[in-house]
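Observations on the model geometry
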Amino acid sequence: MSPDTAHGPLLFDVTPRTGARPALDRRPRWLAAALGLWAAGLLAPAAGAAAAEANGQAALPELPRDPQLLRREQLCGPPLAPAPQPGQRARRDDPDTPLVLLAERISSNALQALYELRGDAELRRLDQRLRADALRLDEQAGVATVPGRFRYTEAGLHLWGEAGRFDLEGDRMAVEAAEFRLYPYRHGRAQRLTGEGERVTRLEGLRYSTCPPGREAWWLRASELELDHEAGVGRARHARLEIAGVPWLYSPYLQFPIDDRAHSGLLPPSFGESDRHGSHFTVPLYLRLAPNYDLTLAPTYYSRRGLQANTELRYLERPFSGELAVEYLPDDTAYAEQRPGEADTDRWGVNWQHRGDLPAAIDYRIDLERVSDPTYLDDFSSDRLGSSTRELESRALVEQSIGSHAWQAELQHWQNLRPESQADAYRRWPALTYQHDPAELPGGLAYRLEGEAVRFALPGGPEVDRPTGRRYHLNPRLSWPVREQAFFLEPAVSLHHTRYDLERAGAPAGAAETSRTVPIASVDAGIFLERPFSLGSRPFLQTLEPRLFYLYAPYREQSGLPIFDTTERGNTVSQLFQENRFSGIDRIGDANQITTAVTTRVLDIADGAQPLRASLGQVHYLEDRRVTLGSDPDAERLTEARSDLFADAELRLPGNLRLRAEYRYDPDRGTRSASRYTADWQYRPGPASLVNLAYRVREETASPDGEPVIQRTQELIEASAAAPLGTHWRAVGHWAYSRLERQHLEVVAGVEHRRCCWAVRGTVRRFRSDFDEPLENAFMIELELSGLGRFGQGTTEFFRDVVPSYGETVF
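In this report, we go over the structure that sits alongside the text. Keep in mind the model is a prediction, meaning the values are calculated, not measured. (Residues numbered from 1 in each chain as written. Predicted model: local features only at pLDDT ≥ 70, side-chain atom pairs only at ≥ 80, totals over all residues. Heavy atoms only, no water.)

**A short note on the overall build of the protein**
Tallying secondary structure elements over the protein gives nine helices and 46 strands in all. Looking at the protein as a whole, 42% of its 811 residues are labelled buried. A fraction of 49% describes how many contacts in the protein between residues 6 or more apart in sequence connect residues 24 or more apart. Accessible surface for the protein amounts to roughly 41000 Å². Of this, 54% is attributable to carbon and sulfur atoms. (Helix = DSSP H or I, 4+ residues; strand = E, 2+ residues; numbered from the N terminus. Buried < 20%, exposed > 50% of the residue type's maximum accessible area, 1.4 Å probe, protein only. Contact = heavy atoms within 4.5 Å. Areas by Shrake-Rupley, 256 points an atom, 1.4 Å probe, with all protein chains shown as cover.)

**Brief notes about helix H4 (residues 67–76)**
Every buried residue belonging to H4 is among Leu 69, Arg 71, Leu 75 and Cys 76, and all of these are buried. Burial along H4 is one-sided: seen end-on, the buried residues are contained in an arc of 155°. Close packing links the buried residues of H4 with strand S43 (743–754). Downstream of H4 by a residue or two, Gly 77 has a phi angle that is positive, lying close to 90°. (Arc of directions from axis to C-beta.)

**Observations regarding the packing of aromatic side chains**
For the coordinates displayed, the defined rule picks out 18 aromatic pairs. These aromatic residues form a ring-pair network of at least three members: Tyr 426, Phe 456, Tyr 500 and Phe 564. Looking at Arg 207, its charged tip hangs above the ring of Trp 219, at a distance of 4.3 Å from the centre. Positioned above the aromatic ring of Tyr 555, the side-chain terminus of Arg 626 is 3.7 Å from the ring centre. (Phe/Tyr/Trp six-rings, centres within 6.5 Å; stacked < 30°, edge-to-face > 60°. Lys NZ or Arg CZ within 6 Å of the ring centre and 35° of its normal.)

**A word on a negative patch on the surface**
A contiguous patch of negative charge, built from Asp 378, Asp 770, Asp 772 and Glu 773, is present on the exposed surface. By the element assignment, Glu 773 lies in the loop between strand S44 (758–767) and strand S45 (776–785). (Patch = residues over 30% accessible without salt bridge, like charges linked within 9 Å, V, L, I, M, F, W, Y side chains within 5 Å. Salt bridge = Lys/Arg side-chain N within 4 Å of Asp/Glu carboxyl O. Lys, Arg positive; Asp, Glu negative; His and termini not counted. Charge placed at Lys NZ, Arg CZ, Asp CG, Glu CD.)

**Overview of the pairing of strand S3 (residues 114–125)**
For S3, a buried count of 10 out of 12 residues is recorded, marking the element as mostly surrounded by other parts of the structure. In this structure, strand S1 (residues 100–102) lies alongside S3, joined through three bridges in antiparallel fashion. Following the sheet pairing, Leu 102 is matched in S3 by Glu 122. From the end of strand S2 (residues 105–109) to the start of S3, which pair antiparallel, there are four residues, and Ala 113 there has a positive phi angle of about 55°. Between S3 and strand S4 (residues 128–138), which pair antiparallel in sequence order, lie two residues; one of them, Leu 126, sits at a positive phi of approximately 55°. (Pairing = 2+ DSSP bridges.)

**Quick notes on the state of the cysteines**
Under the counting rule described, the total for this entry stands at two disulfides. With a sulfur-sulfur separation of 1.8 Å, Cys 76 is cross-linked through a disulfide to Cys 756. Between Cys 76 and Cys 756, the S-S dihedral sits near 110°, and the bridge is therefore right-handed. Taken together, the residues span a long stretch of sequence, with Cys 76 in helix H4 and Cys 756 in the loop between S43 and S44 at a distance of 680 residues. When sorted by exposure, Cys 76 lands in the same class as Cys 756, which is buried. Between the sulfur atoms of Cys 211 and its disulfide partner Cys 757 the distance amounts to 1.8 Å. For the disulfide bridge between Cys 211 and Cys 757, the dihedral angle about the S-S bond is near 80°, and by the sign convention the bridge is right-handed. With Cys 211 in the loop between strand S11 (200–209) and strand S12 (218–228) and Cys 757 in the loop between S43 and S44, the pair connects residues that are 546 residues apart, well separated along the chain. Accessibility assignment for this pair places Cys 211 and Cys 757 in one class, buried. What connects to what in the protein, once the bonded cysteines are numbered by sequence position, is 1-3, 2-4. (Disulfide = S-S within 2.5 Å.)

Structure (structure tokens):
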């Protein structure tokens, strides 16, 4: 070999380390190959910024700005590698980015394109650095060889090896006795590491942990690990999990995802203890049936009940998507003990949600919820079943919107979970609705047309005083809205025409027809006044918004009409401006009245917040009201010249204290009619500490002995907190108490112990599902290994449910 220390081939300019730093005009793909371990994320416990950037995601924020990483640094010490920076990967891949060769001695053979670097040899490209005592570069074969120990670093990765061979052309590498550290706290060793660019990385004799080096509480070991980056899966052979030096789990073969793509496999098990179920244990199995279909099987064993099968199917096609969840428990032993002689003790629940698109811009939706018995949701609370324990809704809906026209067809059914003495809700079987809302007409006029045709049915047919049948309704409305910056004015006229075809119990065959037509006229007007003011040096803006609303609707006899879905409206200031004092159309209230109201707001100009909002309103009746819902109305209330005085206010004070009040005052009787008060306070003494207090009171007028009196119907106190107990311990608690019934509704006490790479949480819960039921006990425990997963019951999700803003705390 003839040395040439001045100039090499045309592709290179090389000089000794003491001279100028030369550049290599070539993209070093072997450096990309060395990134295979880092890009995989090794078991994908937490994607780094470089991997996130490669997937088109936002990069991680810098360490000083992330409180979660600051907490990890407090527990674990400094990160094992520098944090990746946004855009760094793109700059590395730029062909114009030079490769710098530095060494004390650089020898070259220009004819064979061989280069030897000796004495503190280094290859550098941006933040990527490969350093060794010596290295050999065969430019013609595209191979770089490091015969001895080397160190490779970049933002997010440190890699050491006893020897290495890098195939530049084949984008392959082989490293002996590899040791790696990944940002922020992942590290491990492998007897041999080989990689085929960004396709496959293989590690032999691997051990891996997210604990600080030298303080490993757990290790994941495998005789062989293959990371298939193209498929997004990792395959480990003879894998075992060691905790405190003791093997806990072993698998001869293990497959797991290394990116966001889903793959079939076992999910972490969960377990717990409760009075209602005894001990229970769940082992979920996830099956990736196709890229757009998956199935989760979660058999759960209850020591007091038996084995329950839980399945959840999810599917996604271009014209439709949905989820189907089924729960089935044959021969529930605890249910059979509670109901001796019960013939059917099988328990089940079904929830099906389906969405789809049809041609001509038609959308459809199916929601089905059914359970085997009225107490199923009390026994088996589920995220997939039942937002209410009183009744379950099932519906099928088809709708279309074309320009200013929209129509909808619906089937609606309710499963009654209330006591047998309470009546079933009406089914809408079916319901057809139509709405025409064209753009503004000439002269600023606005027009809207609404119509519906509904068939109301009961499970057993018509009952005494509860007829079934069809209801047809048509409601055209014409208005002239004028809206300016300082005021608005909107006169309007509308017409409500309703026809019924009824079937009554015991009546002769055939439908009884009846109809009703009510015209309505209204004028709505208001002005906006505002004034700036300051509190100290902080600027504010106060508004004053008076509003006047006149409503006229003539009386029409309606006592013979059924009541399918109509109730009284709520008692708030906003409800005073509705054209009908009833919530449905089975009753159209007669009216000749004027509503007056005023609202004031205080706006913080600096941040746009609204510290104060208050409203006051009242209706002044020019005629007595005659249309009612009940058969025995309070005649005195219908002849009063004015309504109750309605007031509501919301105040947001510094220190996260929010007060809200709704108040109803009867000026004729000089008494309070109803009131509701809520107070919510949140205090955060530190990033890991949180205290929530809430107080709720509701009072309403009742007539138990014929004389109206105010009665308290709710008085609830809630408190929750999360607070650190030293560096590694945190306590979590929740308490709900009804002062009205003088009963504890729920008491939760939990404790969490967290180290750098693992955490354990335990929770004890005492609760009652109903005031008539005794308190029940439940116990949950969860083990988390950072970067691997959680084992046990979902205590973290439970803490988020019972402690508002729990997820915003850092521990």
